Every structure is written in structure tokens, then in C-alpha cells.
Amino acid sequence: MGICVISDRHPGIMAAMSDPHLGWASLFHPLLNEDEWPLYDGPTIVPPDSMQRMGSGRPKSTRLHNEMDVREGITSTTCGLCKQLGHNRRSCKNRNQL
């Protein structure tokens, strides 16, 4: 069993027991206003890409495209019901007639 004796030789310990902030108050002086901060002249620290959070939505592809991936011409949409160009079966005006 241990006994703790607090004497008058260590007033910081007594202050820390009553309020934890008072125990270290004489050692640290906070700079509350950002204008009082000293200028930083050190290196800029940037986290690696693996540490950054993923954005919302579908992930971006990291695939490298080449000339085989280029489409030669834009083909028009062909309807599966009436076989006309410019729309699909969902927006076909002739859907109820067929």
C-alpha cells in the first residue's frame, strides 16, 4: 500500500489536483489570436495519396488509354422496337402501337 504526501515544496502539484490546467499554466502561454502566431519557415508537410479520404461517387479510373481506345465515330442510338435512329425503346413514340 502506498502513501502519497503532498508538501508545500511543489505548489504545481496542488494546483494540478484542483484544476489540471493550472498545474502547467506557468510553463505554457497559449497564443489565442492567429495574428500573434510566429511565421513558419519549415517544410510543407503533405500526406501521401493513400492517406487521403475517398471522395463520393464512382472511383476515377487509373487506366492509361491508347489509340485503340479512341472511338472513330459517334454512333446514333437505334430503337429496338421500331429500328429508327435517334431514340431508344424507352422513349419510343411508337411503343404503344407495336
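Residues numbered from 1 in each chain as written. Predicted model: local features only at pLDDT ≥ 70, side-chain atom pairs only at ≥ 80, totals over all residues. Heavy atoms only, no water.

A. Fine view of the side chain of His87. Residue placement: His87 occurs in the segment after α2 (20-23). With residues up to four places along the chain from it excluded, the contact list for His87 reads Thr77, Thr78, Cys79, Cys82 and Cys92. (Helix = DSSP H or I, 4+ residues; strand = E, 2+ residues; numbered from the N terminus. Contact = heavy atoms within 4.5 Å.)

B. Representation of the pattern of salt bridges. Tallied over the entire structure, the rule returns one salt bridge. Here Arg63 ties to Asp69 by a salt bridge, and the two come within 3.1 Å at their closest N and O atoms. (Salt bridge = Lys/Arg side-chain N within 4 Å of Asp/Glu carboxyl O.)

C. Structural view of unusual backbone geometry. At Lys83, a position not held by glycine, the phi torsion is positive, near 65°. When its relative accessible area of 60% is taken as the criterion, Lys83 is described as exposed. (Buried < 20%, exposed > 50% of the residue type's maximum accessible area, 1.4 Å probe, protein only.)

D. Examining the state of the cysteines more closely. Scanning the model with the defined rule gives zero disulfides in all. No disulfide involves Cys82; its nearest neighbouring cysteine sulfur is the one of Cys79, lying 3.7 Å away. We note that Cys92 lacks a disulfide partner, and the nearest cysteine sulfur, in Cys79, lies 3.7 Å from it. (Disulfide = S-S within 2.5 Å.)

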